[in-house]
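# Inside the fold
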Amino acid sequence: MTVKEARSTDLAGTTAPASAPGRHRAVPAPPQKGRAWDDVPRWQIYVPLGVYLLFTLVPFYWMLLFAFRPAGSTSLVPWPLTLEHFDKVWNERAFATFFQNSLLVGVASMLMTTVVALAGGYALARFNFRVKQGFMLALLCSQFIPGALMLVPLFEIFANLRMINSLGSVIIAETVFQLPLTMILISGFIKNVPMSLEEAAWVDGCGRFRAFCAVVLPLLRPGLIAVGSFAFVHSWNHFLFALMFLSDQGKQTIPVGLATLMGADSVDLGALAAGGVVAALPVVIVFAFIQKWLVTGFSAGAVKG
Amino acid sequence: MAQAAAVAKSPPSRRRRSATPRRLPYLLIAPAGLLMLGFIAYPVISVFYYSLQHYNPTKPWRNGFAGLDNFVTAFTDDPDFWSTLGFSLQWVVVQVVLQLLLGLGLALVVNQTFVGRGMARALVFSPWAVSGVLTSAVWMLLYNSQTGLTRYLADAGIGSYGTSWLSDTATVFPAVVTAELWRGVPFFAILILADLQSVPKDLYEAAEVDGASRLRQFLHITLPHLKDAIILSTLLRAVWEFNNVDLLYTLTGGGPAGETTTLPLRIASIAVDSHDFGYASALTSIAFVILLFCSMLYLRLSKFGGDAK
């Protein structure tokens, strides 16, 4: 894909996501009616899609079912509806606290990741400097470094910094492991903004920073929202760092709370399901918000580099 | 017009501003660089360092230089090392292959034009956003022996009451594989769908004029175009699946009878339960070298970035 193509898909995709694929289809080929690829018999679409939808949705439905039906019921519809399980996890099982902690970790690591990656991404996109190649290589290599296998040394580091049992440790760890990919994506977005726009602003008397804020940043907004949302979803979901670095119950996050519910000797399925719904809600909202950018965002940045 | 002239002259003006820009790129990458040095590079080095040490905070009298003792123990004196490594490989291969095939199929389906496509995409991609722990929770509800799927299947006359697929060594593997597929397939579907958007449409038209069947169009146009994306996404996913411990840790805890313990899961449990950080670091180093070696081999064998495009 050329730069120009990448830019057009990216910008079109991020500003008008819903129309992007359709637009693509429409532009190059007026006689598309006759294409076999589009003439797939309907059943060949709907049958596999239906089967897969069933596989995707039954587990979700099962969770809602258990969360909303009374304990001990075996009905396959959540009726009569009850909120007892939610009351239990939220108040008795301290999910209110976990929710706050997860939110704090998610938002803080999202902001840190985005800001730090924005600075680094700008340097990678706009400058040639001596360590650039090496730095890019380090970014790529870091993708192969397992966060899970770094637990022991990270634990040591945070213990030395006296940050064990503080949310700061988790925020830093999440940020660090998301930085490389985020930076690669953002530098791709910045490369897609024509240099001439920025230069025009310099000529008009803006400094580099003001020109960046006034010209580049508004164009990056869709991309930044997408990578910021990825960062939020990742830290919201991540389990191992919180499990290892936070031992105090009042400091734990939602995934750890869920795991605790599952680890009990006799699992309270209703509470587990309600906890699952609480855990899913924010990411489902974020997902509904970004899913249209997902496809175009990845095609512009991630795989194509 | 003046503006156009100024724009044309802008490269020199950029150089004139370069009093700050000389240091600027370094300042800009400094935060990221320092964070990565401190929290990625340093831990990697210290893992290698600790792997050569006896290091266990609960048994300080034994701490000290160990040479290659930890590695010798792993290779000759720890049957669990080989069995967990074997399970890790099985897990990665099965997951990546199935996720790729299903993800590719799904991407091809939702790439068609049909009524309700936007909604269908949102729904089938949605498990992508869900965490490993939540996936465990959801599938634990489905698999539980009292009120899970098996109960309703037994009601319908299939199987017997009180069976749990997770505690039976014969069914636990397909059960956890299914749970992980539920969450993992959307990743491939999203990436492949993204790449499908960039296949030049005129290639299909030309192929059709030549009378190529849909299967042949797929094999000769679509697949070669997707090659690099597939190689890269399978590699990233393989590494990710190898390292990912959330789901197995919470769904089976590595059981029953250690049947579903991967190497990282065992490393985590050594570090958490017996605090033998030296040995855990040695296993980590081994895992690390295996990953690196397999990644290089895979990229070499698949001729990544080669002829296809």
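Residues numbered from 1 in each chain as written. Chains lettered and ligands numbered in written order. Predicted model: local features only at pLDDT ≥ 70, side-chain atom pairs only at ≥ 80, totals over all residues.

### Here we look at the overall build of chain B
Note the cut-off: Secondary structure counts use DSSP, requiring at least four H or I residues in a row for a helix and at least two E residues in a row for a strand, with both numbered from the N terminus. All radius of gyration figures rest on C-alpha atoms, and the globule criterion is 2.2 Å times the number of residues raised to 0.38. Counting other C-beta atoms within 10 Å of each residue's C-beta, where C-beta atoms are placed from the backbone, gives the exposure class: buried for 20 or more, exposed for 12 or fewer, partly exposed between. Throughout, a pair of residues is in contact if the C-beta atoms placed from their backbones lie within 7 Å.
When helices and strands are counted, chain B shows 14 helices and two strands. The C-alpha radius of gyration of chain B comes to 26 Å, more than 25% above the 19 Å expected for a compact globule of 309 residues. By principal-axis analysis of the C-alpha atoms, chain B measures approximately 80 × 65 × 35 Å. The buried share of chain B, reckoned over its 309 residues, is 40%. When contacts within chain B are restricted to residue pairs at least 6 apart in sequence, those whose partners lie at least 24 apart make up 68%.

### Section: the overall build of chain A
Helix and strand content of chain A: 13 helices and zero strands. Element order for chain A, N to C, with α for helix and β for strand: α-α-α-α-α-α-α-α-α-α-α-α-α. Classification of the 305 residues of chain A by burial places 48% in the buried group.

### Observations concerning the nonpolar core
We count it as follows: Each nonpolar core consists of buried Ala, Val, Leu, Ile, Met, Phe, Trp, Tyr and Cys residues. Their C-beta atoms, within 7 Å, join them into a set. Domain start and stop points were drawn from an automatic or database domain assignment.
Counting 124 residues, the largest nonpolar core has Val170, Leu258, Leu272 and Ala273 of chain A together with Ala137 and Leu141 of chain B as its most contacted members. For this core, the leading source of residues is helix 8 (residues 167-191) of chain A, giving 15 residues. Both domains that furnish three or more residues to this core are identified here as domain 1 (39-82) and domain 2 (94-300) of chain A. Discounting chain neighbours no more than four positions away, the residues touching Ala273 of chain A are Met63, Phe66, Ala67 and His85 of chain A together with Leu141 of chain B. Of all hydrophobic cores here, the second largest spans 33 residues; its members include Leu49 of chain A together with Trp91, Ala107 and Leu193 of chain B.

### Some words on unusual backbone geometry
Notably, Arg162 of chain A is not glycine yet its phi reads approximately 55°, a positive angle. Considering the arrangement of structural elements, one finds Arg162 of chain A in the loop between helix 7 (151-160) and helix 8. Residue Arg162 of chain A is classed as exposed on the basis of its 9 C-beta neighbours within 10 Å. Although it is not a glycine, Ala257 of chain B adopts a positive phi angle of roughly 55°. Topologically, Ala257 of chain B is positioned in the loop between helix 12 (246-251) and helix 13 (263-274). A residue is classified by how many C-beta atoms lie within 10 Å of it, and Ala257 of chain B, with 10 of them, is exposed.

### Focus on the interface of chain B and chain A
For clarity, the threshold we go by: Charged means Asp, Glu, Lys or Arg here, nonpolar means Ala, Val, Leu, Ile, Met, Phe, Trp, Tyr, Cys or Pro, and polar covers whatever is left, Gly included.
Between chain B and chain A, the contact holds 87 residues from the first and 83 residues from the second. Ranked by residue count, the leading element in the side of chain B that touches chain A is helix 3 (residues 24-51) of chain B, at 14 residues. Classifying every residue of the side of chain B that touches chain A by side-chain character gives 56 nonpolar, 23 polar and eight charged.

### What to know about the domain arrangement of chain A
Residues and elements named next belong to chain A. Entries for chain A in the domain assignment read domain 1 (39-82) and domain 2 (94-300). The gap between the C-alpha centroids of domain 1 and domain 2 is 31 Å. In this complex, domain 1 contributes five residues to the contact, which on the side of domain 2 involves six residues. In terms of residue class, the side of domain 1 that touches domain 2 is built from five nonpolar, no polar and no charged.

### Points about helix 3 (residues 42-68) of chain A
For an α-helix the count is 3.6 residues per turn, leaving residues at separations of three or four pointing the same way. Residues and elements named next belong to chain A. Threshold: Here the expected length of a helix is defined as 1.5 Å per residue gap, with one fewer gap than residues. Note that bend, as reported per residue, equals the angle between axes fitted to the 7 residues terminating at that residue and the 7 residues originating from it.
Helix length check: helix 3, at 27 residues, gives a terminal C-alpha distance of 36 Å against a target of 39 Å (1.5 Å per residue), a fit within 8%. The sharpest bend along helix 3 reaches about 30° and sits at Leu57, with the proline Pro59 one to four residues further on. Considered for burial, the residues of helix 3 that qualify are Leu49, Tyr52, Thr56, Pro59, Trp62, Met63, Phe66, Ala67 and Phe68.

### Side note on the confidence of the model for chain A
Low-pLDDT portions of the prediction should not be read for the details of their coordinates. Residue and element names in this part refer to chain A. Definition in use: What pLDDT reports is the predictor's confidence in each residue, on a scale of 0 through 100.
Per-residue confidence for chain A gives a mean pLDDT of 80, with 82% of residues at or over 70. Taking the mean pLDDT of every element in chain A, the minimum, 39, falls on helix 1 (residues 3-15) and the maximum, 93, on helix 5 (residues 95-126). A low-confidence stretch, residues 1-37 stays under pLDDT 50, and its non-local contacts, those more than four residues away or across chains, total 50 contacts. A low-confidence stretch, residues 301-305 (pLDDT under 50), is modelled with 14 contacts involving residues beyond four sequence positions or located in other chains.

### Some words on the packing of helix 8 of chain A against helix 10 (residues 208-237) of chain A
In a packed pair of helices, the relevant descriptors are the angle between the two axes and the axis-to-axis distance. Residue and element names in this part refer to chain A. Quick reminder of the rule: To get an axis, fit a line to the C-alpha atoms, keeping to the stretch in contact for a helix; angles then go from 0 to 180 degrees between the N-to-C directions. When describing relative orientation, an angle under 35 degrees is termed roughly parallel and one over 145 degrees roughly antiparallel, while 65 to 115 degrees is termed roughly perpendicular and anything else oblique. Helix crossings are classified by the rotation of the near helix relative to the far one: an anticlockwise turn of less than a right angle makes the crossing left-handed, while a clockwise turn makes it right-handed.
The interhelical angle for the contact between helix 8 and helix 10, taken along N-to-C directions, is 155°, at an axis separation of 10 Å. Between helix 8 and helix 10, the interaxial angle falls into the category roughly antiparallel. In this structure, the crossing between helix 8 and helix 10 has a hand that is right-handed. Contact residues: helix 8 offers Glu174, Gln178, Thr182, Leu185, Ile186, Phe189 and Ile190, while helix 10 offers Val216, Leu220, Gly223, Val227, Ala231, His234 and Ser235. In terms of residue class, the contact of helix 8 with helix 10 is made up of eight nonpolar, five polar and one charged.

### Thoughts on the packing of helix 7 (residues 132-143) of chain B against helix 9 (residues 172-196) of chain B
Residues and elements named next belong to chain B. Where helix 7 meets helix 9, the closest approach of the two axes is 10 Å, and the angle between their N-to-C directions is 135°. With respect to each other, helix 7 and helix 9 are oriented oblique. Between helix 7 and helix 9 the crossing geometry is right-handed. In this structure, helix 7 uses Thr135, Trp139 and Tyr143 to contact helix 9, whose residues at the interface are Ala175, Ala179, Trp182 and Arg183. Each residue belonging to the contact of helix 7 with helix 9 can be placed in one class, and the counts come to five nonpolar, one polar and one charged.

### With respect to the confidence of the model for chain B
Residues and elements named next belong to chain B. Here chain B averages 83 in pLDDT, and 91% of its residues register 70 or above. Here helix 1 (residues 2-8) stands out as the least confident element of chain B, with mean pLDDT 44; helix 5 (residues 79-110) is the most confident, with 93. Overall fold confidence for the complex sits at a pTM of 0.80, while the interface term, ipTM, reaches 0.82.

### Here we look at the environment of Leu247 of chain B
All names here are of chain B. By secondary structure assignment, the location of Leu247 is in helix 12. You can call Leu247 buried: it has 23 C-beta atoms within 10 Å. When residues no more than four places from it in sequence are discounted, the contact partners of Leu247 are Gly132, Thr135, Ser136, Ala179 and Glu180.

### Description of the environment of Leu149 of chain A
Secondary-structure assignment places Leu149 of chain A in the loop between helix 6 (132-142) and helix 7. Leu149 of chain A has contacts with Asn243, Pro264, Ile267, Thr284, Ala287 and Phe288 of chain B, leaving out every residue within four places of it along the chain.

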